[in-house]
Structure formats: structure tokens, C-alpha cells
Amino acid sequence: MNLDQLRRSIKGRVVTKVDHEFESVKAAMVWNEIKPDRSPEVIVTVKDDDDVIVAVNFARENGLKIVVHGGGHTWCGLAVRNGGMIIDLANLNESTIDKTNRTAVIQPVISNRELARRLSEHDLAFPIGHCPTVKASGYLLNGGMSWNLSEWGPACLSVEAIEFVTADGKKLKASATEHPELFWAARGCGPGMFAVATRFHLKCFPLPKTIMTSTYFYSLDDLREVVDEVTALGWKMPSIIELSIFLMKAPPELSAQCKKSNGKVCMVSAVAFAYTKEEAEATLAMLESGTAVKKCLAKMLNEPSSFEKLSDVAGSAWPEGHRNLCENQCSKAKPSDILMALRNKIIDAPSEKSVMVFCQSTGQHNLLEPYDDIALSMDAQSYGGSWAIWEKAEEDAANIKWQNEVAFIIKSFTSTHYIGETDIVEDNTRVQGSYTPEKWKKLEKIRAKYDPEGLFFGYLGGTDK
Ligand SMILES: Cc1cc2nc3c(=O)[nH]c(=O)nc-3n(C[C@H](O)[C@H](O)[C@H](O)COP(=O)(O)OP(=O)(O)OC[C@H]3O[C@@H](n4cnc5c(N)ncnc54)[C@H](O)[C@@H]3O)c2cc1C
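Predicted model, so just to flag it, every value in this text is computed and none were measured. (Residues numbered from 1 in each chain as written. Predicted model: local features only at pLDDT ≥ 70, side-chain atom pairs only at ≥ 80, totals over all residues.)

### A look at the overall build of the chain
Thinking step 1. Counting its regular elements, the chain contains 14 helices and 19 strands.
Thinking step 2. In terms of its C-alpha atoms, the chain occupies a principal-axis envelope of roughly 70 × 55 × 40 Å.
Thinking step 3. In the chain, once contacts between residues fewer than 6 apart in sequence are set aside, the share between residues at least 24 apart is 73%. (Helix = DSSP H or I, 4+ residues; strand = E, 2+ residues; numbered from the N terminus. Contact = placed C-beta atoms within 7 Å.)

### Looking at the sheet that holds strand 19 (residues 416–417)
Thinking step 1. One open sheet accounts for eight strands, arranged 15-12-14-13-17-18-16-19; its pairing is antiparallel. Each edge of the open sheet is held by one strand with a lone partner, namely strand 15 (298–305) and strand 19.
Thinking step 2. Where strand 13 (residues 241–249) and strand 14 (residues 264–274) come together, nine bridges link them in antiparallel fashion. Bridge pairing in strand 14 places Ser244 opposite Ser269.
Thinking step 3. Those strands touched by helix 9 (residues 277–285) are strand 12 (210–218), strand 13, strand 14 and strand 15, and its axis lies near 145° from that of strand 14. (Pairing = 2+ DSSP bridges. Axes fitted to C-alpha atoms, helices over the stretch in contact; angles between N-to-C directions.)

### Remarks on the pairing of strand 10 (residues 196–203)
When a strand is regular, its side chains alternate between the sheet's two faces.
Thinking step 1. As judged from the four bridges shared by strand 6 (residues 103–106) and strand 10, these two strands associate in the antiparallel manner. Counterpart to Thr103 in the pairing with strand 10 is Lys203.

### Remarks on the sheet that holds strand 2 (residues 42–45)
Within a sheet, neighbouring strands are paired by backbone hydrogen bonds and run either parallel or antiparallel to one another.
Thinking step 1. Taken together, four strands build an open sheet; the order of strands is 1-2-4-3 and the sheet is mixed. Because the sheet does not close on itself, it has two edges, and the strands there are strand 1 (13–16) and strand 3 (66–69). When strand polarity is set aside, the average angle formed by the axes of neighbouring strands in this sheet is 20°.
Thinking step 2. Where strand 3 lies against strand 4 (residues 85–88), four bridges are found, and the strand directions are parallel. Counterpart to Val68 in the pairing with strand 4 is Ile87.
Thinking step 3. Each of strand 2, strand 3 and strand 4 touches helix 3 (residues 49–61); the most contacted strand, strand 4, lies at about 175° to it.

### Description of the domain arrangement of the chain
Thinking step 1. What the domain assignment reports for the chain is domain 1 (3–88), domain 2 (95–206) and domain 3 (210–417).
Thinking step 2. One C-alpha centre belongs to domain 1, the other to domain 3; they are set 36 Å apart. (Domains from an automatic or database assignment.)

Printed below as a string of C-alpha cells:
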């Protein structure tokens, strides 16, 4: 089959380097305004599963390697590689929801906000990610660091089966009982995925009817004392609390009080995913029981929220149309040691939009536990990192330098990187650094079984920049 025949054989669109819209279509493949200096040969935007099969067969028969594009939100633009074919799934966004059995079957390119909205109409919820526009596609394959993580666990634990088109152009379903090795690998293998995931079968939860937030702002002078107190309280709080510590720009009304720290502040955010008002208020009240809390500069208690409102807040912290770098990992180190090591860096950040966030353990167990039945290897008491966020290309040098210095500091506290939010182009050792040695070995064995000819690009890095 040649390119003209491919065009005639699929319902979707085929764009190649000679087409005038190629550069704009390629740029749209990456959410970040920092666009990769890489280019595919051909971009196939499919309309359905049959298109995926035709595209996979065409790539295999014509010696083109494949990368799948879900929502294009990988921070380092991994859905664009050098040469080969992008299979763009942007049109695959349908879902069916079974309220009685609390399950849903979704196509991959549905955003966190949209999935939450569709499920809430049936009084259901799923452990969606924090950013409203991130799509299920890559998020679920990465493992999924979700809202209500301590209670629901990483999102991939709530995936019951995944439908794939594999390198031989065949459709199959992977679950605990069918192709269990592929199912194991797909839950955490992220950008190294070696088949096209076309449908996810989800286990859902009853919608927490009372989502409520309490927020505290503290001076960076009190950082160690605050972090020690908040994390100690976290261990006593139930797991329905998502407890996060931010280092960030102070809200305008506090900026005068934070002059000494260049207008930066520590924000403690607790979100209760509760079913009753009483439960939410009682659990959030636990944060009032310390002594450091008396030093807070401002607080907002028991504010009613929802997945929709949480999406708005996260969406404004990680805005569209910006240049971003990110390093994200999990750690077994003492949280106050990590945050104190980063304190001066947030004060000196070249961009006021840059932010550091570390989510803490609640529910008397580590935030992330070692699960044998998924490839995801994160196992730690806190998870988070640093996001450099800025607008203008002329500010690249200062922000890149700053983010590299921050990543260097974080590295000494890192237990494993998070494959979904670490820059494997900048440092390819972060790929294996995202897995335990045993899981990495197993992952590579399964890849060799399902993609023996290496049709899919796999992880990017090293010389393939
Ligand atoms: C603002 C922002 C906030 C974020 N917040 C969170 C968060 O709270 N929790 C979290 O866990 N992550 C978070 N992420 C990271 C997010 O999980 C990843 O960026 C994820 O890859 C996004 O999915 P995508 O479909 O857009 O990926 P893409 O960039 O489209 O794809 C990335 C790679 O994944 C593979 N891939 C994607 N879809 C498929 C598929 N269907 N079949 C086979 N391979 C596929 C491909 O190898 C591809 O190169 C955030 C990212 C951003 C930009």
C-alpha cells in the first residue's frame, strides 16, 4: 500500500511532510509551548479502531516506527518522535457508562474534566488526574496520580481491562485473565507503550457528594515547623483527605507580608472527598489541632467544592499556552527536608508562575504502596515535584537553568521518578529510574513478546533526541 492508498483506505486524515499544514498539525500534537525539535514522516489522525488497524499495518509494511498521540500533554512532547508515524487518537472520545455495575468503557481521548462530568451524571466518579485538559489516554498508561490518591490509589488500579491494536495489526483485550502480562505492563509503562490502547474498561466509585477544601497560607520562615506538623497530622487523618504542600507565589492580599521571601508563600491544601458534610468538616478540622497552625497568615476553611471546581483551580495553576518544564517523583525522605532544600529556589524562581507541590500521606499508610500486579513502581510517603512555568521564549535560558538546578536538588531525595511527569529527553536515566530493577526487566521481556520487531518507538532519550 502506498500513501495514496492509505488515504483512500481510512476515514481519518493523513498528513505528510509535503502537505502545507504539516508544521501546524505537528505543533498541535504538543500541549507545551516548548515544541520538540523532532519530526515524524506521517501523521495519521484516525476515526475508529479499523483506521488504527490500517495505520499499524501500513507502518509495519513500510518500515515506519509508530508513536501514539493521545492528548499530547507529555511535558517533553513524547508524542512527536524523529521519523516514523504518529497515530493520533484525538477523535476517539466516546464512552458508555453502566451506573448499576459502576463501570464505564471509554475511548482514550477524553479529558479529566469531561470524564468526571459524564460520570457525575450517573452519580459516579473515577480517580481522574488533576489537570482538567489531560486525557485519559497517556494518563492511565502512566499509572495516573489522581485526585483522592490515598483512598482510591493510582488510577490504573481502577482499570479492569484495556483493548489494544497490537504490532501485528490484531485487536485484543488485556485484563487480569486475558493477556495478563500485557495488562500488567500497560498499567505504568506510559510512553514506552508498545501497542495502541483504543478502549479502557473502568471500575468507578460512588460520587463523593461532599468535596470540601481547607487552605492555609504560611510564611516561608516557618516552613520546617509547618511541614513537620502538617505531615504528622496527615498520618492521623483518614485517607479521604488529599493533603498537599505548595511552594508558590502568594495571593495578592498576602504579598506585602511575604516581601522578605520575594512574594512567595507555603500553601497547605486539604481536600476531603467525603459523602457527608459532617464527615468532611470533622476530618478537615484535624488540621486545626497543631500549634504551627496558629502562625498561618490566612486560612479558608470548609469551602464546598466539586470535581468541576477542583479542575478550575488546577487549570489556573497549570495554564494553557505556556512554556513548561517539569520533574516529578516520589520520595521516602522526610518531607520537611525536601521542602527546606527547595525553599531558596522558589524564592529565586525567575518566573512567578513556577510552583512546587508535594502530596503527603494520609490514612495511616504510605501515599504510594508497592503493587506487584502493575508495572508502576512508585512506593513512597510523598509524591510531587517542581514545575517551571513561563510565557516568553526569551526567558527560556533563565528558566531552564533554574529547573535543572531544582531537579538536581530533588534527585537526592528521589525514590523513583514518575514516568508520566519526568523529562526523559533531558535525562534518559530517568526511564529506568522510574521502575524497580525487577519490574524494568519484566517490562522489557513483555515488550519483546508483543512487539518483537520494535514497531513502536518505546521510550525516548539518549541519542534519539
Ligand atoms: C498540566 C498537566 C497536569 C498533569 N497532571 C497530572 C496528574 O495530576 N497526574 C498524572 O498522573 N499525570 C499528570 N500529568 C501528566 C500526564 O499524565 C501525561 O502528560 C500524559 O501522558 C498525558 O496523556 P496524553 O494522552 O496527553 O499523552 P500524549 O502526550 O499524547 O502521549 C504520551 C505518550 O504516551 C503513549 N500513549 C498515549 N496514549 C496512548 C495510547 N492510547 N496507546 C498507546 N500509547 C499511548 C505514547 O507513547 C505517547 O508518546 C499532567 C500533565 C500536564 C500537562
